[in-house]
Amino acid sequence: MTNEPLSRPIVPPAREGHRRKFGENDKRRIVEEAAQPGANLSAVARRYGIAARVLFRWKQELAPPVFVSVQVTDADTILSSADR
């Protein structure tokens, strides 16, 4: 038995010809570990036996959407104010 914390995700061993399935909580914890200051994303991926590109994809999938406020103005208004 190891002294590693139990909060780490349990990673099922890879079996030839079968894909491993990670739960949302495990994915989130792995992505959070990779996001820690000084963490190396590729090293974290290797630790859990996944490809770095998979971890990049999880990071994108789990990121909240970003919304930007846009104000549309009339081009004639902008041009007439520049003439003043």
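First things first, this report covers the structure right here in the doc.

The rules behind each value
Residues numbered from 1 in each chain as written. Predicted model: local features only at pLDDT ≥ 70, side-chain atom pairs only at ≥ 80, totals over all residues. Heavy atoms only, no water. Helix = DSSP H or I, 4+ residues; strand = E, 2+ residues; numbered from the N terminus. Buried < 20%, exposed > 50% of the residue type's maximum accessible area, 1.4 Å probe, protein only. Contact = heavy atoms within 4.5 Å. Areas by Shrake-Rupley, 256 points an atom, 1.4 Å probe, with all protein chains shown as cover. Core = buried A, V, L, I, M, F, W, Y, C linked by side-chain atoms within 4.5 Å. Phe/Tyr/Trp six-rings, centres within 6.5 Å; stacked < 30°, edge-to-face > 60°.

1. Observations regarding the overall build of the protein chain
Helices and strands together make up the secondary structure of the protein chain, namely 4 helices and 0 strands. Moving toward the C terminus, one meets the helices and strands of the protein chain in the order α-α-α-α. Counting across all 84 residues of the protein chain, residues that qualify as buried make up 20%. By sequence separation, contacts in the protein chain at least 24 residues apart represent 40% of the contacts at least 6 residues apart. Carbon and sulfur atoms provide 53% of the accessible area of the protein chain, an area that totals close to 7,400 Å².

2. Section: the nonpolar core
The biggest cluster of nonpolar side chains holds 13 residues, and the ones touching the most others in it are I30, V44, I50, L55 and W58. Mapped onto this core, the elements with two or more residues apiece are α1 (24-34), α2 (41-47) and α3 (52-62).

3. So, the packing of aromatic side chains
Summed over all chains, the structure comprises 1 aromatic pair. With a centroid separation of 5.1 Å and 65 degrees between ring planes, the pair formed by F22 and W58 is classed as edge-to-face. With F22 in the segment before α1 and W58 in helix α3, this pair connects stretches of sequence that are 36 residues apart.

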